[in-house]
There are 4 protein chains.
Amino acid sequence: MSASTPTFTGVIPPVATPMLPDHTIDHASLERLVDHLISAGVSGLFALGSTGETAYLTDDQRVAVLRTIVATSEGRVPVIAGAIELTAARTAELAQKLVAAGADAIVTTAPLYTLNSQAEIAEHFRTVAAAIGVPLWAYDVPVRVHSKLSLELLLQLGSEGVIHGVKDSSGDDVGFRRLLAANEAAGRPLTLLTGHEMVVDAMLLAGADGVVPGLANVEAEGYVRLFAAAGRGDWDAARTEQERINRIFDIVFQPAGLSGDATGVGAFKAAMHARGLIDHATMANTVESLDDAAVQRVRGILAELELLPAAVV
Amino acid sequence: MSASTPTFTGVIPPVATPMLPDHTIDHASLERLVDHLISAGVSGLFALGSTGETAYLTDDQRVAVLRTIVATSEGRVPVIAGAIELTAARTAELAQKLVAAGADAIVTTAPLYTLNSQAEIAEHFRTVAAAIGVPLWAYDVPVRVHSKLSLELLLQLGSEGVIHGVKDSSGDDVGFRRLLAANEAAGRPLTLLTGHEMVVDAMLLAGADGVVPGLANVEAEGYVRLFAAAGRGDWDAARTEQERINRIFDIVFQPAGLSGDATGVGAFKAAMHARGLIDHATMANTVESLDDAAVQRVRGILAELELLPAAVV
Amino acid sequence: MSASTPTFTGVIPPVATPMLPDHTIDHASLERLVDHLISAGVSGLFALGSTGETAYLTDDQRVAVLRTIVATSEGRVPVIAGAIELTAARTAELAQKLVAAGADAIVTTAPLYTLNSQAEIAEHFRTVAAAIGVPLWAYDVPVRVHSKLSLELLLQLGSEGVIHGVKDSSGDDVGFRRLLAANEAAGRPLTLLTGHEMVVDAMLLAGADGVVPGLANVEAEGYVRLFAAAGRGDWDAARTEQERINRIFDIVFQPAGLSGDATGVGAFKAAMHARGLIDHATMANTVESLDDAAVQRVRGILAELELLPAAVV
Amino acid sequence: MSASTPTFTGVIPPVATPMLPDHTIDHASLERLVDHLISAGVSGLFALGSTGETAYLTDDQRVAVLRTIVATSEGRVPVIAGAIELTAARTAELAQKLVAAGADAIVTTAPLYTLNSQAEIAEHFRTVAAAIGVPLWAYDVPVRVHSKLSLELLLQLGSEGVIHGVKDSSGDDVGFRRLLAANEAAGRPLTLLTGHEMVVDAMLLAGADGVVPGLANVEAEGYVRLFAAAGRGDWDAARTEQERINRIFDIVFQPAGLSGDATGVGAFKAAMHARGLIDHATMANTVESLDDAAVQRVRGILAELELLPAAVV
């Protein structure tokens, strides 16, 4: 990256982590995936997020994954890396490794496992930010972290320069709308991204700066078109594209009886494999795989939307 | 310890981690604390649990804390160490370091941050157990992990020999009672400990094998007497001792407006410091400290119960 | 109402229930409020909803409130009435009274207090629908009911003709988006309204048929303009209006330390009183009132937005 | 009742509501059940609780059920009646009907559906107490009411004389233990009953005054023996009886795939029917019934414990 602060707006997919059948990293598929995403027009890459199954990776694996993404990207787009750890000291240690491996920015959550106040969570972000030489972002994902980053906390950290932006996966659209307005009123200290791939048109209308769609691993072009349509104020085109995308998103409702992690990322990987984007749909160790019937339903949706390669169909 | 499988029954305190004013480990106080606990008659030590603020420690700090506990214990009592990490591969890595540092057994939770099924959680425990050469225990603490280990899961893992016991901090006394009965019916594959220090008499009456009381860092003798009374069937004495202990436990209700971690462990450390058991009441980094008024209320309770040293009073 | 099925699209405010200082119904203010809302251009009225504090009213009071609303409306707009009760038999009894009092349609929630399956909740709606001669609507408000109406349940009931529409106050924008798409694919058996007043532009872009904004009690004209702008595809105008409205909505963040009911409806009533729309800001019995400082902050926001009458300013 | 204040200690079953196949009240079975319970030695009756499916009954049905219970009891034991309604005004209306029908005391919960502070909940109880001429009790059942009655609230209301006692179904044994201690320290303004039928021995050891066990509808004698054993300090006998009772309680784990209401009360009614205590196992309208396989499993448990009548076996 250049010496200037990287900007993360537009479409910034959370890059999936392809795996070999023995659950080790499939670096060849990862390189292909990164190239494919950049060719599709994404404006940045989010490495080591929930979609990247980072929680299941050892630190060595995390560093290796990031190195491949950074090396393949070759500076074409900036790379922000998730440092998902329990608490500040541990997050800072990990973040330093990720910066050394080429991350242009770091994103982290509130502490895990602990029982903290918003004041302690603020101190957590300050401690991490002070330990790294690149911009820090906040990741708000209460379904996994089990605490919500408050509007006041985020604005405070933004005004202090502790965090540069927020990836919002809170599912709280009213709260996000309030954050957008408060950020605007405060002079836009924060860049605000939504993680909810099914409502991007609506969130862009409301003022979001970009989107981090896991589904973009399956098809990124639609999100690039959607973001462009919104940029030129063509909201009907944005909505039409969103509705087409949402038909793809139906793949995540095909598995039955599996866990949240097995279902979402599992459907993405099954679809990526069906489209030839990765060599195996293997999940991280201890996560169950989709059964054949679910894979066939996923493929059926892709076929209907003409998203399978000719040879495959 | 001897070559035989360590048993963890009776009173097994989760050892607090004393810290110097700069938030680094206070090994001298830790040695004194371990000696004190063993002298008080505890039957084992639980290193690196929630009370030990293990979530806030780096891996190097965790290993250092455990080494001090093991070295000070000198095999007088067995040591079980918490390996609190996100997922199986990471937990196994950490657990191996802890075993190398002298842990006689390992205790871990369900995965953190992830969204897993009970089948995936079972696989998580199997993966960790297969990676270590010492007994594995399950730690059920939904308030922190945000998933509950089901009775069926625990019994299955017990019958497979994957786990040797459970530390129950679920707050679900009906569920724990059912687990006690089901374990009995299955031939007692599991050793069952309660983590709820205020209801130990009742849990022992119900059949628990032991207790892991954070409050024992403040005063362990009462729990030792309580367990002995229960062992000889003197339930009135057990209850009387429990009620005295619960008056001590009132210290955790003295802080106001602090987080769960700052309140509970904060009150323990303030009381330990007041009793002269550790040199500083310093909390782990990013956790707030009790204010002076709260510390005075804690000391007031200790004074009333004649738990302050003469010189201090 | 006419013999034809009433349609509820556009802006359908949940009518607040003005009260006298002794907490009895202030029918004179209610008449004035209803007239004001209809003059402002709303397309229907939602009587006896959460904003109407219906939970705090006896059945006699509920009937009296509804009679006043219906009588004042004089058929200018259709009236849908909330029948909020514990279970089907009780809801049906109440709904029959409300239909007799002039309700054109009834809206109800899943059962309260009970622990039911989705199949039982479906039966609940079928039982209520069979007992009344007017259209039934479903009200999805998990923050109060503590269960979520599933997409499958709503579509099934819609296709059976059991329910005619849904008022969505679930706060789950992704779920609502999926419901919109599934309803479209099923031939639109349901009319879909959002209850979230801060994101109406986004929900209309996504395809919602209308909105039930509590804030319209304070100012309905903005929502009428917003809905019209969306109808002609002028999304920038819709967003601009929404952002102005959201500045009004800041009134609900002015009270401090009060309950959810005291805060939201309390701020609405304080603002309505300040604007001269009702004679007293009195809340239902057992709900706390805003203190003077909060009332002043509410008035300050109204003044800044030029929403106070000249005489008042 | 006599002119003196009724006391509710010991075993006070929440009386089930037998129904005819058309879901109307089966008064003949109800009379038989009440007689049976009193003969078994219970010290009071809790009419119209959750086990009594009161949430599914209309007010007329509630009054009718209570009349039958009171008439059958003939003053042999006191009767406390649940007034389960949304808010204070509605609860007071209902409670007055129940007092007129013979209730010796009323028990109610925090408001339903609403979003209230503890201060508003206190006012709720004060309003209800002021409207009735008999003692009021508080029912703490967060799994249904979705708010928890705090220790401070309960003690305050007890010291004011607003409430006479608490039925605790919170599942929070630590909180209940603290309440027992605080009540003792305050001079015992409250009578404290546990609703958790599987841990009665432990709760009595901790100081509970009695128990409200739904399972006593199936077999009350065991609870009577358990309470007597605890009373004479024979805790081993109490525990042995509890463990036998818990084997009966396994009936509630036999249904599969049903709702909470269908499962718990459904298993009780299936067992009561199998034992000949009631004529039909019919559930309240909209609640699903146990399938034949589940009924057979329930009967199998009863048979093993020799709880089926000779003629039935």
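We now turn to the structure provided with this report.

Calculation rules
Residues numbered from 1 in each chain as written. Chains lettered and ligands numbered in written order. Predicted model: local features only at pLDDT ≥ 70, side-chain atom pairs only at ≥ 80, totals over all residues. Heavy atoms only, no water. Helix = DSSP H or I, 4+ residues; strand = E, 2+ residues; numbered from the N terminus. Buried < 20%, exposed > 50% of the residue type's maximum accessible area, 1.4 Å probe, protein only. Contact = heavy atoms within 4.5 Å. Areas by Shrake-Rupley, 256 points an atom, 1.4 Å probe, with all protein chains shown as cover. Lys, Arg positive; Asp, Glu negative; His and termini not counted. Charge placed at Lys NZ, Arg CZ, Asp CG, Glu CD. Expected span 1.5 Å × (residues − 1). Pairing = 2+ DSSP bridges. Least-squares fit on C-alpha atoms with pLDDT ≥ 70 in both. Buried area = accessible area lost by both parts, 1.4 Å probe. Salt bridge = Lys/Arg side-chain N within 4 Å of Asp/Glu carboxyl O. Axes fitted to C-alpha atoms, helices over the stretch in contact; angles between N-to-C directions. Parallel < 35°, antiparallel > 145°, perpendicular 65-115°, else oblique. Left-handed = near helix turned anticlockwise from the far one by under 90°. Nonpolar A, V, L, I, M, F, W, Y, C, P; charged D, E, K, R; others polar. Polar contact = N/O pair within 3.5 Å; in protein donor to acceptor, adjacent residues only side chain to side chain.

Our next topic: the overall build of chain A. Each helix and strand counted, chain A has twelve helices and eight strands in total. Its C-alpha atoms give chain A principal-axis dimensions of roughly 55 × 45 × 40 Å. Within chain A, the proportion of its 313 residues that are buried is 63%. Put simply, of all contacts in chain A between residues at least 6 apart along the chain, 72% involve residues at least 24 apart. Put simply, chain A shows about 10,200 Å² of open surface, and 51% of that area lies on carbon and sulfur atoms. Charged side chains in chain A number 22 positive and 37 negative. The centres of these two groups are separated by 2 Å.

It helps to recall that an α-helix has 3.6 residues per turn; residues three or four apart then point in one direction. Here helix H3 (residues 88–100) of chain A is 13 residues long and its end C-alpha atoms lie 18 Å apart, about the 18 Å a rise of 1.5 Å per residue gives. Every buried residue of H3 of chain A is listed here: Ala-88, Arg-90, Thr-91, Ala-92, Leu-94, Ala-95 and Leu-98 of chain A. Against helix H2 (59–73), strand E3 (79–82), strand E4 (105–108) and helix H4 (118–131) of chain A together with helix H2 (59–73) of chain B lie the buried residues of H3 of chain A. Directly after H3 of chain A, the chain includes Gly-102 of chain A, whose backbone phi takes a positive value near 115°.

Residues and elements named next belong to chain A. Tracing the backbone shows Gly-158 in helix H6 (residues 151–159). Exposure remark for Gly-158: the relative accessible area of 8% places this residue in the buried category. Through-space distance from the C-alpha of Gly-158 to that of Arg-126 is 11 Å; in sequence the pair is 32 residues apart. Sequence-distant contacts of Gly-158, that is, excluding residues within four places in its chain, are made with Ile-163, Pro-189 and Leu-190.

Residues and elements named next belong to chain A. Taken together, eight strands build an open sheet; the order of strands is E1-E8-E7-E6-E5-E4-E3-E2 and the sheet is parallel. Two strands lie at the open edges of the sheet, namely strand E1 (10–11) and strand E2 (45–47), each paired on one side alone. Inspection of the sheet shows E3 paired to E4 by three bridges, in the parallel sense. The residue of E4 that forms the bridge with Gly-82 is Val-107.

The next thing to look at is the relation of the copies chain A and chain B. Superposing the two chain copies requires a rotation about an axis and a translation along that axis. Here chain A sits on chain B after a turn of 180° about the axis and a move of 0.0 Å along it, with an RMSD of 0.0 Å. Put plainly, the chains are arranged around a two-fold axis. Interface overlap between copies: 100% of the residues of chain A at the interface are likewise at the interface in chain B, consistent with a symmetric, same-surface contact.

Next up on the list: the interface of chain B and chain D. Between chain B and chain D, the residue contacts involve 21 residues of the former and 21 residues of the latter. Overall, the association of chain B and chain D removes approximately 2,100 Å² of surface from exposure, summing both partners, and the carbon and sulfur fraction of that is 58%. For the pair chain B and chain D, the number of links is two salt bridges. Residue Arg-177 of chain B pairs with Asp-201 of chain D through a salt bridge whose shortest N-O separation is 2.6 Å. Those elements giving two or more residues to the side of chain B that touches chain D turn out to be helix H7 (173–185), helix H8 (200–206) and helix H10 (235–249) of chain B.

A few words on the relation of the copies chain B and chain D. In screw terms, the move from chain B to chain D is a rotation of 180° and a rise of 0.1 Å along the axis, fitting with an RMSD of 0.0 Å. Mapped onto chain D, 100% of the interface residues of chain B again fall at the interface, so both copies present the same surface.

Structurally, chain B and chain C remain out of contact, their C-alpha atoms never closer than 14 Å. Without any contact between them, chain A and chain D keep their closest C-alpha atoms 14 Å apart.

For the rest of this paragraph, the subject is the packing of helix H2 (residues 59–73) of chain D against helix H3 (residues 88–100) of chain D. All names here are of chain D. Look at H2 against H3: their axes get within 9 Å of each other, and the N-to-C directions meet at 30°. If you check the angle between H2 and H3, you find them roughly parallel. In the packing of H2 onto H3, the handedness of the crossing is right-handed. Taken together, the residues of H3 that come into contact with H2 (itself represented by Asp-59, Arg-62, Val-63, Leu-66 and Arg-67) are Leu-94, Lys-97, Leu-98 and Ala-100. Of the residues in the contact of H2 with H3, the class split is five nonpolar, no polar and four charged.

It is worth spelling out the pattern of salt bridges at this point. The full count for this structure, using the stated rule, is 84 salt bridges over all chains. Glu-85 of chain B is paired through a salt bridge with Arg-90 of chain A; the nearest N and O atoms lie 2.7 Å apart. With one member in each of two chains, Glu-85 of chain B in the loop between strand E3 (79–82) and helix H3 (88–100) and Arg-90 of chain A in helix H3 form a pair that bridges those chains. Summarising the burial analysis for this pair, Glu-85 of chain B and Arg-90 of chain A share the class buried. As a salt-bridge pair, Glu-184 of chain D and Arg-188 of chain D come within 2.9 Å of each other at their nearest N and O atoms. Taken together, the shared-partner salt bridges in this structure form one network comprising Asp-59, Arg-62, Glu-85, Arg-90 and Lys-97 of chain A together with Asp-59, Arg-62, Glu-85, Arg-90 and Lys-97 of chain B.

Here the focus is the environment of Leu-302 of chain D. Among the secondary structure elements, Leu-302 of chain D is positioned in helix H12 (residues 292–304). Between the C-alpha atom of Leu-302 of chain D and that of Arg-247 of chain D, which follows or precedes it by 55 residues, the distance is 9.1 Å.

Right, let's talk about the interface of chain A and chain B for a bit. Every contact between the two is made by 41 residues of chain A and, on the other side, 41 residues of chain B. Carbon and sulfur atoms make up 58% of the area that chain A and chain B hide from each other, which totals about 3,400 Å². Considering only the surface of chain A that becomes buried against chain B, Arg-90, Tyr-113 and Leu-115 of chain A emerge as the three largest contributors, covering 25% of it. Viewed at the interface, chain B and chain A are joined by four salt bridges. Seen at the junction of chain A and chain B, the total is 24 residue pairs in polar contact (both at pLDDT 80 or more). Elements that contribute at least two residues to the side of chain A that touches chain B include exactly H2, H3, H4, helix H5 (142–145) and helix H11 (260–274) of chain A. No other element matches the five residues that H4 of chain A contributes to the side of chain A that touches chain B.

What is shown is where atoms sit, not what they do.
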